[in-house]
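Here is how the chains run, residue by residue.
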Amino acid sequence: MDKPNISEMIIQYEKDKDMTDTQFAFESHLSVERVHNLKSGDYEPTADELKTVKEYIKLHQ
């Protein structure tokens, strides 16, 4: 099975934690616009953004 992509990771995390994009952006230190773009799948994350999201989710599960 494939690893979930960044958009799926964010969507599932927000759903599990009952968070908004704004809350996720604030706590992960990304802009709300970046979170929206990452979730849409229309934006390719940078290596730093990918690392930030993965580390944030791992630390807060």
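What you see is a predicted model; the values in this text were computed from it and never measured. Along each chain, residues carry numbers from 1 onward, in the same order as the chain's sequence is written. For this predicted model, a pLDDT threshold of at least 70 governs which residues receive local features, and a threshold of 80 or more governs which side-chain atom pairs are given and counted, while totals over whole chains, interfaces and linings are taken from all residues. Calculation of side-chain values draws on the structure's entire complement of heavy atoms; hydrogens and water are dropped beforehand.

**Comments concerning the nonpolar core**
Generally speaking, soluble globular proteins have nonpolar side chains that are buried together. As a reminder, the rule being used: By convention a nonpolar core is built from buried Ala, Val, Leu, Ile, Met, Phe, Trp, Tyr and Cys residues, the set being connected through side-chain atoms within 4.5 Å. Under the scheme applied here, a residue whose accessible area is under 20% of the maximum for its type counts as buried, over 50% as exposed, and between as partly exposed, the area being computed with a 1.4 Å probe on protein chains only. Only DSSP runs of H or I reaching four residues or more are called helices, and only runs of E reaching two or more are called strands; each is numbered from the N terminus. Residue contacts follow a heavy-atom distance rule, with two residues in contact if any of their heavy atoms lie within 4.5 Å.
Ile10, Phe24, Val53 and Ile57 are the most contacted members of the largest nonpolar core, which has 13 residues in total. For this core, the elements supplying multiple residues, two or more each, are α1 (6–17), α2 (21–28), α3 (32–40) and α4 (47–59). The biggest single contributor to this core is α1, with 4 residues. Apart from residues lying up to four places away in sequence, Ile57 is in contact with Met9, Ile10, Tyr13 and Phe24.

**Remarks on the packing of aromatic side chains**
Spelled out, the test is: Stacked, edge-to-face and tilted labels apply to pairs of Phe, Tyr and Trp rings (six-membered ring for Trp) whose centres lie within 6.5 Å, assigned for plane angles under 30 degrees, over 60, and everything in between, in that order.
This model, assessed by the stated rule, comprises 3 aromatic pairs. When the ring of Tyr13 is compared with that of Phe24, the centres are 5.9 Å apart and the planes differ by 65 degrees; the resulting orientation is edge-to-face. Here the residue Tyr13 occupies a position in helix α1, and Phe24 occupies one in helix α2, the gap between them amounting to 11 residues. Taking the centre distance of 5.3 Å and the plane angle of 90 degrees together, the rings of Phe24 and Tyr56 count as edge-to-face. With a gap of 32 residues between them, Phe24 in helix α2 and Tyr56 in helix α4 connect regions that are remote in the sequence. For Phe24, a relative accessible area of 0% gives the class buried. The exposure class of Tyr56 is buried, given its relative accessible area of 5%.

Such coordinate-based values are descriptive only and should not be taken to indicate function.
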